[in-house]
Amino acid sequence: MKEWPLWEVFIRSKNGQYHKHVGSVHATDAQMAIEHARDTYTRRNEGVSIWVVPSKYITASDPEDEDMLFEPAKDKVYRHPTFYKLPDDVKNI
Amino acid sequence: MEHTTSIDLEKRFEEKIARELKIEPKDWMPEEYRRMLIRQISQHAHSEVIGMLPEKNWLTRAPTLRRKMALLAKIQDEAGHGLYLYSAVETLGVSREQLYRDFLDGKAKYSNIFNYPALTWADIGVIGWLVDGAAIVNQVSLQRTSFGPYARAMVRICKEENFHQRQGYSICLTLARGSAEQRQMLQDAINRWWWPVLMMFGPPDAESKHSQKSMKWKIKRASNDTLRQKFIDQTVPQLEYLGMKAPDPHLKWNPERGHYDYGPIDWEEFWNVIRGKGPCNKERLRTKRVAYEEGQWVRDAAIAYAKEYN
């Protein structure tokens, strides 16, 4: 380890929200990564909770596979409630 | 899956650019696009880092505790901005360490403006107001840049820069409302910073060698001259409010153009400073090198600790 490893940073802006990716920091261990993330990404009340994950453990889908992965969902309109035309007289549905 | 050729990839890339879709790090991109981004984002990051130096000189001499706290916060933001940008550029597959070494070795550029000295307290006001003001004009336009991580960093940075500019103008206002001596000090700082600030937008469009391709790929969203004019137009009324003058006899509202006209910029000076002949080039890099070298034991110790206890 000559260079400090890279960590991805996720911040929860307030309770009730998901943690959201905001960027990365370099740190030698998890505790330092949290401290650097706090100094770098939460100087103005941006968060109440931080996750840090070593970047090497993130597996990302390949942009080349975008069609293969996501195209099939595009023509399945029957998964949406508006696909089903019901008589106006039927209420609360 | 079908085999995609490089022509298909390039076509898809150009389509995305045309449709204002962002390019993300793992997307295919032309090598030249990648190179241009690495160059621009890393220079931008180095500028934020070196930008701390003219201001840190005044930390211990800030006139009040409130001014000192604000300046300290601003300087910490500049470090943060450098880190957002290094984080963005690293997504392109380059090492931050390598980029930083290139910078320390004088192989990478940073904004020319930081090669000028901050001589008086008024300079701190003028730097916040004009230097950060010019940076905001540039960065607001870059919020729409085509590379996702760069655009996101710009959004964050712009929010924070507004505080920088307002605290700078607030310092200028205090001096403008002060004694004759304070007003003179402010005018003197404006005289020294005005032209270098206008140069921050880069050479005129006709001479800007990287601009054309950069605009085509929507890395840059507005030309150097357009941004410069925008800055002048919004700044002159602020200057007048302070009761100060720009050191430019040609500066005048042109009702036909709907813009301020301004005098010729001394590009000879600009190129000289870029070539290392500015007042502070050597000192700035020396300061960063010394900081890097003297911090080596801290970095080594952190690694040794992590190996021992993790």
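Note that the structure is a prediction, hence the values are computed from the model and not measured.

J.: Quick question: what am I supposed to make of the pairing of strand 1 (residues 6-12) of chain A here?
T.: Consecutive side chains of a regular strand alternate in pointing toward one face of the sheet and then the other. Residue and element names in this part refer to chain A. Counting buried positions along strand 1 yields five of seven residues, so the element is predominantly enclosed. Pairing of strand 1 with strand 2 (residues 19-26), which is carried by seven bridges, proceeds in the antiparallel orientation. Bridging across to strand 2, Val9 finds its partner in Gly23. Counted between consecutive antiparallel strands, the loop separating strand 1 from strand 2 contains six residues, among which Gly16 sits at a positive phi close to 105°. Pairing geometry for strand 1 and strand 3 (residues 49-54), over six bridges, is antiparallel. Across the sheet, Val9 pairs through a bridge with Val52, a residue of strand 3.

J.: Sorry if this is basic, but what is going on with helix 6 (residues 121-142) of chain B here?
T.: Count 3.6 residues to each turn of an α-helix, and residues three or four apart come out pointing the same way. Residue and element names in this part refer to chain B. Its 22 residues give helix 6 an end-to-end C-alpha distance of 31 Å, which sits within 8% of 32 Å, the value for a rise of 1.5 Å per residue. Maximal helix bending in helix 6 amounts to about 35°, located at Ile127. Of all 22 residues that make up helix 6, 20 are buried, and the element is covered over most of its length. Two to three positions downstream of the cap, the backbone nitrogen of Ala122 sits 3.2 Å from a side-chain oxygen, assigning the N-cap of helix 6 to Thr120.

J.: I tried to follow the side chain of Arg299 of chain B on my own but got confused; where do I start?
T.: Mapped onto the elements of the fold, Arg299 of chain B is located in helix 13 (residues 296-309). With no salt bridge to any partner, buried Arg299 of chain B finds its closest opposite charge in Glu97 of chain B, at an N-O distance of 5.3 Å. When sequence neighbours within four positions are dropped, the list of residues in contact with Arg299 of chain B reads Trp4 of chain A together with Tyr292 of chain B.

J.: Would you take a moment to explain the confidence of the model for chain B for this structure?
T.: One rule of thumb: low pLDDT means the predicted coordinates there are not for detailed reading. Mean pLDDT for chain B: 95, with 99% of residues reaching 70 or above. In the predicted complex, the global pTM is 0.93; the interface-specific ipTM is 0.90.

J.: Looking at this structure, how should I read the interface of chain A and chain B?
T.: Often the size quoted for an interface is simply the accessible area lost on bringing the parts together. Taken together, the contacts link 22 residues of chain A with 27 residues of chain B. Surface buried jointly by chain A and chain B totals about 2100 Å² across both partners, of which 51% is contributed by carbon and sulfur atoms. The tally of links from chain A across to chain B stands at six salt bridges. Where Glu64 of chain A meets Arg12 of chain B, a salt bridge forms, and the shortest distance between an N and an O atom there is 3.9 Å. Our count for the contact surface shared by chain A and chain B stands at 12 residue pairs in polar contact (both at pLDDT 80 or more). When residues of the side of chain A that touches chain B are traced back to their parent elements, those giving at least two are strand 2 and helix 1 (30-41) of chain A. Grouping the constituent residues of the side of chain A that touches chain B by class yields eight nonpolar, six polar and eight charged.

J.: Which parts of the structure should I look at to understand the packing of helix 4 (residues 65-90) of chain B against helix 7 (residues 148-176) of chain B?
T.: For any two helices packed against each other, the geometry is given by the interaxial angle and the distance between the axes. Residues and elements named next belong to chain B. Interaxial distance between helix 4 and helix 7 falls to 10 Å at its minimum, and their mutual angle equals 160°. Between helix 4 and helix 7, the crossing angle belongs to the class labelled roughly antiparallel. As for the relative orientation of helix 4 and helix 7, their crossing is left-handed in sense. For the contact of helix 4 with helix 7, the class distribution of residues is 12 nonpolar, five polar and seven charged.

J.: Would you take a moment to explain helix 10 (residues 224-241) of chain B for this structure?
T.: Residues and elements named next belong to chain B. With 18 residues, helix 10 extends 26 Å between its outermost C-alpha atoms, agreeing within 8% with the 26 Å of an ideal straight helix rising 1.5 Å per residue. Considering bend angle alone, the principal kink of helix 10 is centred on Thr235 and spans about 30°; proline Pro237 follows within four residues of it. Restricting attention to buried positions, one finds in helix 10 the residues Asn224, Leu227, Arg228, Gln229, Phe231, Ile232, Asp233, Thr235, Val236 and Leu239. Among the structural elements, helix 6, helix 8 (180-199), helix 9 (211-216), strand 2 (259-261) and helix 11 (267-277) are those in contact with the buried residues of helix 10.

J.: So what exactly am I meant to see when it comes to the nonpolar core here?
T.: Soluble globular proteins tend to bury their nonpolar side chains together. All names here are of chain B. Ranked by internal contacts, the top residues of the largest apolar core, which has 99 residues, are Tyr33, Ile41, Phe103, Phe147, Trp193 and Phe231. If one sorts the elements of this core by residue count, helix 6 sits on top with 11 residues. Look past the residues within four positions of Tyr33 in its chain and what remains in contact with it is Phe13, Ile23, Ser146, Phe147, Trp217 and Ile219.

J.: Honestly, unusual backbone geometry in this entry has me stumped. Any pointers?
T.: Among all residues save glycine, negative phi is the norm, and among peptide bonds the norm is trans. Of note in the backbone geometry, Asn92 of chain A takes a positive phi value of approximately 55° without being a glycine. On the secondary structure map, Asn92 of chain A appears in the segment after helix 2 (66-74). The phi torsion at Lys218 of chain B lies on the positive side, around 60°, for a residue other than glycine. For Lys218 of chain B, a relative accessible area of 17% gives the class buried.

So, how was this worked out
Residues numbered from 1 in each chain as written. Chains lettered and ligands numbered in written order. Predicted model: local features only at pLDDT ≥ 70, side-chain atom pairs only at ≥ 80, totals over all residues. Heavy atoms only, no water. Buried < 20%, exposed > 50% of the residue type's maximum accessible area, 1.4 Å probe, protein only. Helix = DSSP H or I, 4+ residues; strand = E, 2+ residues; numbered from the N terminus. Pairing = 2+ DSSP bridges. Expected span 1.5 Å × (residues − 1). Bend = angle between axes of the 7 residues up to and from the residue. Polar contact = N/O pair within 3.5 Å; in protein donor to acceptor, adjacent residues only side chain to side chain. Lys, Arg positive; Asp, Glu negative; His and termini not counted. Salt bridge = Lys/Arg side-chain N within 4 Å of Asp/Glu carboxyl O. Contact = heavy atoms within 4.5 Å. pLDDT = per-residue confidence, 0-100. Buried area = accessible area lost by both parts, 1.4 Å probe. Nonpolar A, V, L, I, M, F, W, Y, C, P; charged D, E, K, R; others polar. Axes fitted to C-alpha atoms, helices over the stretch in contact; angles between N-to-C directions. Parallel < 35°, antiparallel > 145°, perpendicular 65-115°, else oblique. Left-handed = near helix turned anticlockwise from the far one by under 90°. Core = buried A, V, L, I, M, F, W, Y, C linked by side-chain atoms within 4.5 Å.

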